[in-house]
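Tertiary structure, described
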Amino acid sequence: MTVDAPLTQAATRPVAAAVPPAVAAPRDDAARRAELAAFLRSRRERITPEQVGLPRGRRRRTPGLRREEVAHLGAVGVTWYTWLEQARDIHVSPQVLDAVARALLLDRAERSHLFALAGAVDPLPGRECTGVPRELRQILGQLAPFPAVVQNSRFDILAYNSTYGQLMCDLDALPQEDRNCMWLAFTHPQWRASVVDLDATMRVMAAKFRASMAEHVAEPAWKALVARLTEASPEFREIWAQHEVVRPMSSVKLFRHPRVGVLQLTATSLWTGPNPGPKLLSYTPVDEASRERLQQLEELAARAVA
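In this text the structure is predicted, and so the values were computed from the model without any measurement. (Residues numbered from 1 in each chain as written. Predicted model: local features only at pLDDT ≥ 70, side-chain atom pairs only at ≥ 80, totals over all residues. Heavy atoms only, no water.)

1. Looking at the pattern of salt bridges
Put simply, the rule reads: What makes a salt bridge here is a side-chain nitrogen of Lys or Arg within 4 Å of a carboxyl oxygen of Asp or Glu, nothing more. A run of H or I in DSSP counts as a helix once it spans at least four residues, and a run of E counts as a strand once it spans at least two, with each numbered from the N terminus. Residue burial is assigned from relative accessible area. The probe radius is 1.4 Å, only protein chains are included, and a residue is buried under 20% of its type maximum, exposed over 50%, and partly exposed in between.
Applying the stated criterion to the full structure yields 14 salt bridges. Across the pair Arg46 and Glu110 runs a salt bridge whose closest N-O atoms are separated by 2.7 Å. One end of the pair, Arg46, is in the loop between α1 (21–45) and α2 (67–74); the other, Glu110, is in helix α5 (residues 108–118), and 64 residues separate them in sequence. On the basis of relative accessibility, which here comes to 38%, the residue Arg46 falls in the partly exposed class. Across the pair Glu288 and Arg291 runs a salt bridge whose closest N-O atoms are separated by 3.9 Å. One end of the pair, Glu288, and the other, Arg291, are both in helix α13 (residues 288–305), three residues apart, so they sit about a helical turn from each other. In this structure Glu288 comes out as partly exposed when scored by relative accessible area, which is 48%. On the accessibility criterion, Arg291 (40% relative accessible area) is partly exposed.

Here it is, written out as structure tokens:
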């Protein structure tokens, strides 16, 4: 049996760092703040005003949103957000980062990156995703002729396959800001004509929307959509005033397409994140006639692209 020699005083000393901590830490922090600033600018510049319910105006020279618009959407101080984009040495709370992430429509990966660059712990990991990964878009395409769409809890249409794009109207022909199922159900003539039981559908959608909005009641994008619907649709004003709520559920839906006829489809939601949140909504035929009509619809969609 061997006995280890006692440790000497020299052996117990910590090994000196290659770069003294007093020098390395500030340099690392500065690099991280610069990367955070560049990341915020890139995310801000990719968002159009229409995506968040803001008017574009005639004198807009800034690509995407302005700094003050991001601050307004996130309910944070303009100076505070400006300092973030200027890589100032300031402490940012998780609550401010959460507000900025929402305002910039960050997906889960981008949100994690934001908190990592800021050196903060995300208090709400796995929040709703607004981006649609390439792999999920491939799944959408492979589901055709079954119509399929990715929606968030605000009923924004984030991505869809060719069959869904022709099911109720020509979605490709619509501006991005109008690609919202609530907006289309209450205002778009062709979309409304395609839904067989429109009155019941509008009431259920409004109730689902109100239930989802409970977690987003102070967010500008949600309030902007409600204000837009209130101004545009007397039916929405009447239904919204009743404060009905309902949780999402699968159901059989009837659609009336002007070219292929009536389709009887079962709606199925596949959550891509925490429930409630983004979901892949797919429609499968109830009967053989609906299956054949979906095939016809896919052929129509292919000819529209060609």
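2. Some words on the side chain of Arg210
What counts is decided by this rule: Between N or O atoms, a polar contact is any pair within 3.5 Å; within protein, one atom must be a potential hydrogen donor and the other a potential acceptor, and residues adjacent in sequence are included only when both atoms are from side chains. Contacts are assigned to residue pairs with any non-hydrogen atoms lying within 4.5 Å of each other.
Mapped onto the secondary structure, Arg210 falls in helix α10 (residues 198–213). Of note is the side chain of Arg210, whose polar atom sits 2.5 Å from the backbone oxygen of Trp240. Here the side chain of Arg210 touches His243 through a polar contact of 3.2 Å, side chain to side chain. Apart from the residues lying within four places of it in its own chain, the contact partners of Arg210 are Trp240, His243, Glu244 and Val245.

3. Looking at empty space enclosed by the protein
Stated precisely, the cut-off is as follows: A pocket, in this scheme, is an open set of points on a 1 Å grid over the protein atoms alone with protein on both sides within 12 Å along at least 5 of 7 lines, while a cavity is a set where a 1.4 Å probe fits but cannot get out; residues line either one if an atom lies within 4 Å of a point. Grid points are joined across faces, edges and corners, and a volume is the space filled by probe spheres set on the points.
Under the defined criterion, the tally for this structure stands at two cavities of 30 Å³ or more. Within this model, the second largest cavity holds a volume of roughly 40 Å³. In terms of lining residues, the second largest cavity is bounded by Arg203, Ala206, Ala207, Arg210, Ile239, Trp240 and Glu244. Counting residues per element, the ones that place at least two in the lining of the second largest cavity are α10 and α12 (234–240).

4. Things to note about the layout of surface pockets
The space that makes up the largest pocket amounts to roughly 670 Å³. Lining the largest pocket are 29 residues; nearest its centre among them are Gln51, Val52, Leu105, Arg154 and Asp156. For the lining of the largest pocket, the element with the most residues is helix α11 (residues 220–232), which contributes five residues. The space that makes up the second largest pocket amounts to roughly 570 Å³.

5. Description of unusual backbone geometry
That bond from Ala144 to Pro145 is cis: its omega, 15 degrees, falls within 30 degrees of zero. Structurally, the position occupied by Pro145 is in the loop between α6 (134–143) and β1 (148–151). Of note in this structure, Phe155 is not a glycine but carries a positive phi near 70 degrees. Within the fold, Phe155 resides in the loop between β1 and β2 (157–160). Judged by its relative accessible area of 10%, Phe155 falls in the buried class.

6. Here we look at the nonpolar core
The condition is simple: For this analysis, a nonpolar core means a set of buried residues of the types Ala, Val, Leu, Ile, Met, Phe, Trp, Tyr and Cys, connected via side-chain atoms within 4.5 Å.
Among the nonpolar cores identified, the biggest contains 41 residues, and Ile157, Tyr164, Leu171, Met182, Phe186, Trp191 and Phe209 are the most heavily contacted of them. Dropping the residues within four chain positions of it, Tyr164 is found in contact with Pro147, Ala148, Val149, Gln151, Ile157, Leu171, Cys181, Trp191 and Tyr283. Ranked by size, the runner-up nonpolar core spans 26 residues in total, among them Tyr81, Leu97, Ala99 and Ala103.

7. Comments concerning the packing of aromatic side chains
The test is simple: Classification of ring pairs uses Phe, Tyr and Trp, with its six-membered ring standing for Trp, and accepts pairs whose centres are within 6.5 Å; under 30 degrees between planes counts as stacked, over 60 as edge-to-face, and the remaining range as tilted. Only lysine NZ and arginine CZ atoms are considered, and such an atom sits over a ring when it is within 6 Å of the ring centre and within 35 degrees of the ring normal.
A complete count under the given rule lists seven aromatic pairs for this structure. The interplanar angle of 20 degrees and the centroid separation of 6.3 Å between the aromatic rings of Tyr164 and Tyr283 together place this pair among those described as stacked. Residue Tyr164 is found in helix α7 (residues 164–167), and its partner Tyr283 is found in strand β5 (residues 279–285); the two are separated by 119 residues along the sequence. Judged by its relative accessible area of 1%, Tyr164 is buried. Site record: aromatic cluster; members linked through ring pairs are Phe186, Phe209, Trp222, Phe236 and Trp240. Positioned over the ring face of Trp240 is Arg210, at 3.8 Å from the centre of the ring. Over the ring of Trp183 we find Arg228; its NZ or CZ atom is 3.8 Å from the centre of that ring.

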